[in-house]
Structures are given as structure tokens and as C-alpha cells.
Amino acid sequence: MQKETLINNLAEGPVLSKLIRFAVPIMLANLLQAFYSMVDMVVVGQFGGPAGLSAVGIGGQLQFLFLAVGMGFANAGQIVISQQVGLQSDRISRSVGTLLTLEGIMGVVVGLIGVLMHNPMLRLMNTPEEAFSQAAAYMVICSCGMLFIYGYNAVCAILRGMGESRLPMVFIGIASIVNVVLDLLFVAGFRWGAGGAAAATVLAQAVAFFSALVYLYRHKEAVQFDFRLRSFAIDKDQLIALCRLGIPQVLQQFLITGSITFINSRVNIYGVTASAVDSVGGKLNTVVNVVTGAISTASSSMIAQSFGARKTDRVRSTFRACMIICMVWFLILTAAYLLLPRQIFGLFTSDPAVLELAPVYLRFAVIWLLALCSMDAPFALVNGIGFASFNLAVGLLDGVVARIGLSLLLGHFMGLTGFWLGSGLAGFVTTIPMGIYYLTGWWEKREAVNNN
């Protein structure tokens, strides 16, 4: 009988159609995740006012900073597994066991840090006093569920590395339903504010994680992992491969996310209205990433498998397809941002002051959109070939030099809007060097991650 497998060979077949088929389930999963993230903001905004919006935005930003660690290693695991698929390696099971174990340990450690250090972190964010207690509750509750979030990201990385993108969509769909129901119960019904939104999110992530884990256990042969206790061990060779890709990615995400968090902390000084606008803007960014993030993630896996199989022409075709899709998405969103600013923000709040500032914010957000949508194809290339140290260098330029430097400089002269403008312009620091790297063809000389 034919051996059961979840592996989908992305290194063969029509590029554009295969990329879209692989990306659409990721896109829908991102959409569902963005949807229930936005439901948190909508429900809290309607029942908790600007203070609730501010609390969810600030607490969520800090949580995303924590997630940078888990996401960095999950992305590394996806690339390692994708290249192993392309190389037809027999060490996939060791990579799976190492990734699951490593993410579990990190989820516990990072969660404890969040619980113990939430107060000083919120102070560093210049959290408005009106929002502080709700932001603290949000931080503590989300930190308690960090293990589930890390675990779910690890499972999704394993599946997507094998070329399977539909299952994560199913799991997050279940979580979305749970989150919406619990949001209405905890926030609208029990009036628990931002803490209720956090509890709903954690429980939803737990449902997604355990659903995914149960499925993988029932299809052990397809995943090439037996789920025996001894298999949850860290293999030295696989750990080295994960660290080679994961540590630079963690540092890069931490630097970029940390710089965004720093800019948000400066915006918070301008009061609860500015903080609420920035918080809504942060949620809108998740909608942007529904498409760009999905296409970039799918392209990374396709590039990794193609690069592992040494099909450089297919790598180029994937790069071009990714760029075209992302730029079309940029044009669609730009039209919406410029034509319907009040209507967009009106989905989250009816506060007049927040709605008055919305058009100003979205005009500057268009600059950030262009930078983001033009960087996704180069980013997918650099990730897919496993050149993590380049990501780190770009992260230093983007996060430390450009974003913080430009935002502080422009904020000094322009005030609040200067911080938004500086943050948008910083994205081009990533796009330009990565684009040059692709155009020169230097990437063709690299070797696949050593998994042998």
C-alpha cells in the first residue's frame, strides 16, 4: 500500500497557480486570525471606550514582541523542513521533534517573563493611566497562554514546511468561532474589558493548538513523527540548523517589533486618543498581512523546496509572482485607506476624536503599505534560501537605525505625525538591499541548510 504522507511537492508544476493554491488557505487562516483579533478590538471599543482600545493595542503590541521569539524559530523550522523535502532528506522526523520541544520550552519561559515583568514593561510603554489596569490584565492573561500560541505556530510551521496549508486554516477557523463567542460573553456580557478579550484569545488559541496536535497524532505516519516521549528530544544537528536560521530571525523580528513598540510608546505620550488611533492602526496592519503575509509565507516554502532541489529558474518565477500579487494588494488597500478613512475606523469605535484623527493616520499608513508590499518577495527569497544573517543585518538597519532614528527626528519637527511618517519610511531600508541582492543573483551561490 502507498505510504500516507502530507508532503506536497512545491518544486514542480505551474508556479503561479501552485503558489496561489498553496497561499489561499494560509490567506484564509490569516484572515480568520485577523478577524478574531479585530473582534477583540471592536467589542472592547464598543463596550470599553478609548481606554479599552488603548489597553488592547498596547498589551497586544507587547505580546507580539514576545511572539517574535516563537515565530522566529517556527519560521526557521518551516524553512528547514521545506529544504529537507526538496532534498528528500530522511531527517524530517528529527526536525519535527526538535521544533516541537524547543517551542514548548520557550513558550513556558517567555510566558513566565510576561507574567512577572508586565508592570515595568507597561510603564516603559508610557501606558495612559486610564488604560493601565486593563492593559495589565490583558498582558498577564495572554502570557499565561503563551505555550498554546507557541505550540500552534510550531505545528503550522511543520505542516507548511511539508507543503500542507489547508489544515492550519481549519484549526484557526475553529478557534475563530470560539473567540467570537467568548468575546461576546466575556466583554459584552460579563463586562470584563480587555482582560475578557485576552481570556477569549487564549482559550481560542488553546483550542486551535490541541485540535492540531490531535490531528497530527492521528496521522503520525503522514507527519513522519511517532509522538513517542523519547522522540520529543532535541537533536543536536537539527538544533544547530534551527539556531542558524532561528536566532537571526528572532533578533530581526525582535528589533523591528521592538522599534515599533518604542514608536508606539512615544505616540502614547500624546494621550489616550492618539493611543487609540495607533491601536486601531495596528489592527488594520493585521488585515494588510492577511494577503502579504500569506503570499510571503507560501513563497518562502516554494522557494525553499525549489532551492533545495537546485531549481533556480523556479525560484525567480516564484519571486516575480509574489511581487505582482503584493503590489496589486497595495493598490486595493491604498484606495480604501484614502477614500474611506472614517468608515474604516468607524468599525472599531464611534468616538468623535478618534474618527477625526483617522484620515491623518491613514494618509501616512499608505507609505508604510508601499514599503511592506514591496519587501515581501525579497523577504521570501532571503528566508527561503536560508540566508538568516542577511535578515539580521537588515533588521538592524530597519529597526534600530531607520525606524527609531527617522521617527525621533521627524517626531521632533512634526510632532505626532512625524512618528507615523518615520515608521513608514523605515520599511524601504529592508526593501532596497534585499531587492539588490535578488537582482545581482548572488543568492544562487549559496548552499542549502546542512541537514545531512
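Structure first, text after, so check above.
What counts and what doesn't
- Residues numbered from 1 in each chain as written.
- Predicted model: local features only at pLDDT ≥ 70, side-chain atom pairs only at ≥ 80, totals over all residues.
- Heavy atoms only, no water.
- Helix = DSSP H or I, 4+ residues; strand = E, 2+ residues; numbered from the N terminus.
- Rg over C-alpha atoms; globule rule 2.2 N^0.38 Å.
- Buried < 20%, exposed > 50% of the residue type's maximum accessible area, 1.4 Å probe, protein only.
- Areas by Shrake-Rupley, 256 points an atom, 1.4 Å probe, with all protein chains shown as cover.
- Lys, Arg positive; Asp, Glu negative; His and termini not counted.
- Charge placed at Lys NZ, Arg CZ, Asp CG, Glu CD.
- Core = buried A, V, L, I, M, F, W, Y, C linked by side-chain atoms within 4.5 Å.
- Contact = heavy atoms within 4.5 Å.
- Axes fitted to C-alpha atoms, helices over the stretch in contact; angles between N-to-C directions.
- Parallel < 35°, antiparallel > 145°, perpendicular 65-115°, else oblique.
- Left-handed = near helix turned anticlockwise from the far one by under 90°.
- Nonpolar A, V, L, I, M, F, W, Y, C, P; charged D, E, K, R; others polar.

**Q** Break down the overall build of the chain for me, citing the residues and quoting the values.
**A** Looking only at helices and strands, the chain has 15 helices and 0 strands in total. A globule of 452 residues ought to have a C-alpha radius of gyration of about 22 Å, and the chain, at 21 Å, matches this closely. In terms of overall dimensions, the chain has C-alpha extents of about 65 × 45 × 35 Å along its principal axes. Counting across all 452 residues of the chain, residues that qualify as buried make up 60%. Summed over all atoms, the accessible surface of the chain reaches about 17600 Å², with 68% contributed by carbon and sulfur. Within the chain, one finds 27 positive and 21 negative side-chain charges whose respective centroids are separated by 5 Å.

**Q** Break down the nonpolar core for me, citing the residues and quoting the values.
**A** Counting 139 residues, the largest nonpolar core has Tyr337, Phe345 and Leu381 as its most contacted members. Top contributing element to this core by residue count: helix 1 (residues 15-87), with 27 residues. Each residue touching phenylalanine 345, except ones within four places of it in the same chain, is listed here: Val277, Val280, Gly281, Leu284, Val354, Leu355, Ala358, Tyr361 and Leu362.

**Q** I'd like to hear about the environment of phenylalanine 345, residue by residue, with values.
**A** Along the chain, phenylalanine 345 turns up in helix 11 (residues 341-346). We classify phenylalanine 345 as buried; its relative accessible area is 0%. Taking the C-alpha atoms as reference points, phenylalanine 345 and proline 359, separated by 14 residues in sequence, lie 9.1 Å from one another.

**Q** Describe the packing of helix 4 (residues 146-161) against helix 6 (residues 193-218), naming the residues involved and giving the relevant values.
**A** Each pair of packed helices can be described by the angle between their axes along with the distance between the axes. Here helix 4 crosses helix 6 at 40°, and the two axes come no closer than 8 Å. Of the possible angle classes, the one that applies to helix 4 and helix 6 is oblique. Where helix 4 crosses over helix 6, the two elements pack in a sense that is left-handed. Within the contact between the two elements, helix 4 uses Phe148, Ile149, Gly151, Tyr152, Val155 and Leu159 and helix 6 uses Val202, Gln205, Ala206, Ala208, Phe209, Phe210, Ala212, Leu213 and Leu216. In the contact of helix 4 with helix 6, the residues fall into 13 nonpolar, 2 polar and no charged.

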